[in-house]
Amino acid sequence: VHFANSGKLKEFALKAVQVRESMGSTIKYVIIDGKSVNNIDLTGCQMLEGLAEALSSRKQILIVANLKAPIAALLHASGVHKHILKNGGQLCLDLNEAIDLISEPSPDWSSAEEKVTLLVATRGSLLKTNSSGCMSTKVTKVDPAPVQEP
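Q: Would you take a moment to explain the overall build of the protein chain for this structure?
A: Helix and strand counts for the protein chain come out as six helices and five strands. Taken from the N to the C terminus, the helices and strands of the protein chain come in the order α-β-α-β-α-α-β-α-α-β-β. Counting over 150 residues, the protein chain shows a buried share of 37%. Expressed as a percentage of contacts within the protein chain between residues at least 6 apart in sequence, the contacts between residues at least 24 apart total 73%.

Q: What is the right way to read the sheet that holds strand 2 (residues 61-65) from this model?
A: Two orientations exist for strands paired in a sheet by backbone hydrogen bonds: parallel and antiparallel. Across the sheet, three strands lie side by side as 1-2-3; this open sheet has parallel pairing. Only two strands of the sheet have a single neighbouring strand rather than two, namely strand 1 (29-33) and strand 3 (90-92). Neighbouring strand axes in the sheet, compared pairwise and without regard to direction, differ in orientation by 25° on average. Inspection of the sheet shows strand 2 paired to strand 3 by three bridges, in the parallel sense. In the sheet register, Ala 65 faces strand 3, and the bridge partner there is Cys 92.

Rules used throughout
Residues numbered from 1 in each chain as written. Predicted model: local features only at pLDDT ≥ 70, side-chain atom pairs only at ≥ 80, totals over all residues. Heavy atoms only, no water. Helix = DSSP H or I, 4+ residues; strand = E, 2+ residues; numbered from the N terminus. Buried < 20%, exposed > 50% of the residue type's maximum accessible area, 1.4 Å probe, protein only. Contact = heavy atoms within 4.5 Å. Pairing = 2+ DSSP bridges. Axes fitted to C-alpha atoms, helices over the stretch in contact; angles between N-to-C directions.

Shown next as C-alpha cells:
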C-alpha cells in the first residue's frame, strides 16, 4: 500500500460500504485482508488512519487482518495500530480471527491485540530504521559474486 494506490483503496472501501447500504444492508465492520500487502509507506499508513476515522464517524469498525509480521511491526512502530484502536478498529492475525471476533455479541478486542503484539515482539526484529528515521522491512543485502579472472 503506497502513495499510488492508497487513495484508491480507501475510495473502494467506502464505496463498497455505500453500495451495500444502498441495497438495504447494515454494515458494522469493514475487513481488509492484508495478505498481499508486502510493503506500506507513509501515505498508506495515513490512509489506514483516515479510513478508520471515516468509518468510526459512521459507527463502523475497520479491521485489518492477515498481515505479514514485518507489516504488523511497521504499523505498531509507526503508531497506526493505536490510531485504528482509538477509532474502534483492530489488527487481527488472520481472517478466521477477524470473523470469530465479529461473530461474537460482544467482541473481546484484547485477545486479538495481544496476539498481534506477540507476533510483533517475536518477529518484529525484521523492522529496521534508517538514518533518516524511515522504517523499512527490507533487511537483506546481497553481495555480487566475485568475478574470476581467466
